[in-house]
Amino acid sequence: MRVLVVEDERNLADAIARGLRKRGMAVDVAYDGNAGHEAAFVTRYDVVILDRDLPGVHGDRICADLAASGALTRVLMLTASGTVADRVEGLQLGADDYLAKPFAFDELVARVQALGRRATPAAPPVLAVADLELDPARRVVSRGGMPLELTNKEFGVLAELLKARGAVVSSEELLERVWDANTDPFTTIVRVTVMTLRKKLGDPPLIDTVVGAGYRVGGVS
């Protein structure tokens, strides 16, 4: 899942980003409204965590522009004011959810995960092909009934390939969906991650390389 945090309180923004990355998400951070507005329309994010009262472009404007664009990106609006009137106004601007500060981090994670599921076309609760099963909610993978230990990036790549239901996914798409903006676009990290993932998945091989196009897994149920 790709997430953008737009929050001018740097310590809070960085803490949110660190916590979400530990949960396996790819997270970018913008510390003001101008940078947040630009980032939200340059990259396709699943979820934008958006502070309402931002310097530069106001959070309300970013939220309204995202809603008007028709993007599938979901907006979780953060604010220091949690009155009913404020929540109603935020939702009317196009926010998908609203969370008042201070908040419990576990609740933030749960809300982000729920919004992320709504940001992409519906997928089965458990993704499966042959004897491989991946449960996105529980973040577990098994093959032939045996659990597999995957890194966050390996899990993310495998999830994206399974969600594609046999379609080819390019290296560029995997880089955008699984890594964050700090990753060198010319890196070989996708190829290396797929290589180590193949080894962990074992035989018979499940991931095919389509030369000049990307990767795919067939027969997803």
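None of these values were measured; they are calculated from a predicted model.

**Q** Quick question: what am I supposed to make of the nonpolar core here?
**A** The nonpolar side chains of a soluble globular protein tend to be buried, and buried together. Counting residues in hydrophobic clusters, the biggest one holds 26 residues, and the most contacted among them are Leu-132, Leu-134, Val-141, Val-157, Leu-158 and Leu-162. Mapped onto this core, the elements with two or more residues apiece are strand 6 (127–129), strand 7 (132–135), helix 6 (152–163), helix 7 (171–178), helix 8 (189–201) and strand 11 (214–217). Broken down by element, this core gets its largest block of residues, 6 residues, from helix 6. In contact with Leu-134, not counting residues within four places along its chain, are Pro-125, Val-126, Leu-127, Val-140, Val-141, Phe-155, Leu-158, Ala-159 and Leu-162. If you look at the next biggest cluster of nonpolar residues, it comprises 18 residues, including Val-3, Ala-13, Met-25 and Leu-115.

**Q** How do you make sense of the packing of helix 2 (residues 33–42) against helix 3 (residues 59–69) when you look at a structure like this?
**A** Between two packed helices, the angle of one axis relative to the other and the distance separating the axes together describe the packing. Contact pair helix 2 / helix 3: the axes reach a minimum separation of 10 Å and the direction vectors enclose 15 degrees. By the angle between their directions, the pair helix 2 and helix 3 is classed as roughly parallel. Remark: the crossing between helix 2 and helix 3 carries right-handed chirality. Judged by residue contacts, Gly-33, Gly-36, His-37, Ala-40 and Phe-41 of helix 2 engage Arg-61, Ile-62, Asp-65, Leu-66 and Ser-69 from helix 3. Considered class by class, the residues forming the contact of helix 2 with helix 3 number 4 nonpolar, 4 polar and 2 charged.

**Q** Just checking my understanding: could you explain the domain arrangement of the protein chain for this structure?
**A** Examined at the domain level, the protein chain breaks down into domain 1 (2–119) and domain 2 (127–217). Taking the mean C-alpha position of each, domain 1 and domain 2 sit 27 Å from one another. Facing the 11 residues of domain 1 at the interface are 9 residues of domain 2. Where domain 1 abuts domain 2, roughly 840 Å² becomes buried across the two surfaces, and 33% of that area is made up of carbon and sulfur atoms. Counting across the interface, domain 1 meets domain 2 through 2 salt bridges. Residue Arg-21 is joined to Asp-180 by a salt bridge in which the shortest nitrogen-to-oxygen separation is 3.9 Å.

**Q** Looking at this structure, how should I read the pattern of salt bridges?
**A** When the charged atoms of two side chains with opposite charge come close together, those side chains can pair. According to the stated counting rule, one finds 16 salt bridges in the structure shown. Of the charged contacts in the structure, one is a salt bridge between Asp-28 and Arg-2, with a shortest N-O distance of 2.8 Å. Here Arg-2 lies in strand 1 (residues 2–6) and Asp-28 lies in strand 2 (residues 26–30), a separation of 26 residues in the sequence. Each member of the pair, Asp-28 together with Arg-2, is buried. Its salt-bridge partner being Glu-9, residue Lys-101 comes within 3.5 Å of it at the nearest N-O pair. Pair noted here: Lys-101 is in the loop between strand 5 (97–100) and helix 5 (105–118) and Glu-9 is in the loop between strand 1 and helix 1 (10–22), with a separation of 92 residues, a long-range link.

**Q** What should I look at first to understand the sheet that holds strand 5 in this one?
**A** Sheet strands pair by backbone hydrogen bonding; their relative direction is either parallel or antiparallel. Here 5 strands make up an open sheet; going across it, the order is 2-1-3-4-5 and the pairing parallel. In this open sheet, the two edge strands, each paired with only one partner strand, are strand 2 and strand 5. Adjacent strand axes in the sheet meet at a mean angle of 20 degrees, parallel and antiparallel pairs treated alike. Pairing analysis gives 4 bridges linking strand 1 to strand 3 (residues 47–51), with the strands arranged parallel. In the sheet register, Val-5 faces strand 3, and the bridge partner there is Ile-49. Sheet strands in contact with helix 1 are strand 1, strand 2, strand 3 and strand 4 (74–79), and its direction is about 170 degrees off that of strand 2.

**Q** What is the right way to read the packing of helix 1 against helix 5 from this model?
**A** One way to put it is that helix 1 packs onto helix 5 with a least axis distance of 11 Å and a crossing angle of 60 degrees. Note on packing geometry: the crossing formed by helix 1 with helix 5 is right-handed. The segment helix 1 lies against helix 5, with Ile-16, Gly-19 and Leu-20 engaging Phe-105, Leu-108 and Val-109. Taken together, the residues that form the contact of helix 1 with helix 5 break down as 5 nonpolar, 1 polar and no charged.

Cut-offs and rules
Residues numbered from 1 in each chain as written. Predicted model: local features only at pLDDT ≥ 70, side-chain atom pairs only at ≥ 80, totals over all residues. Heavy atoms only, no water. Core = buried A, V, L, I, M, F, W, Y, C linked by side-chain atoms within 4.5 Å. Buried < 20%, exposed > 50% of the residue type's maximum accessible area, 1.4 Å probe, protein only. Helix = DSSP H or I, 4+ residues; strand = E, 2+ residues; numbered from the N terminus. Contact = heavy atoms within 4.5 Å. Axes fitted to C-alpha atoms, helices over the stretch in contact; angles between N-to-C directions. Parallel < 35°, antiparallel > 145°, perpendicular 65-115°, else oblique. Left-handed = near helix turned anticlockwise from the far one by under 90°. Nonpolar A, V, L, I, M, F, W, Y, C, P; charged D, E, K, R; others polar. Domains from an automatic or database assignment. Buried area = accessible area lost by both parts, 1.4 Å probe. Salt bridge = Lys/Arg side-chain N within 4 Å of Asp/Glu carboxyl O. Pairing = 2+ DSSP bridges.

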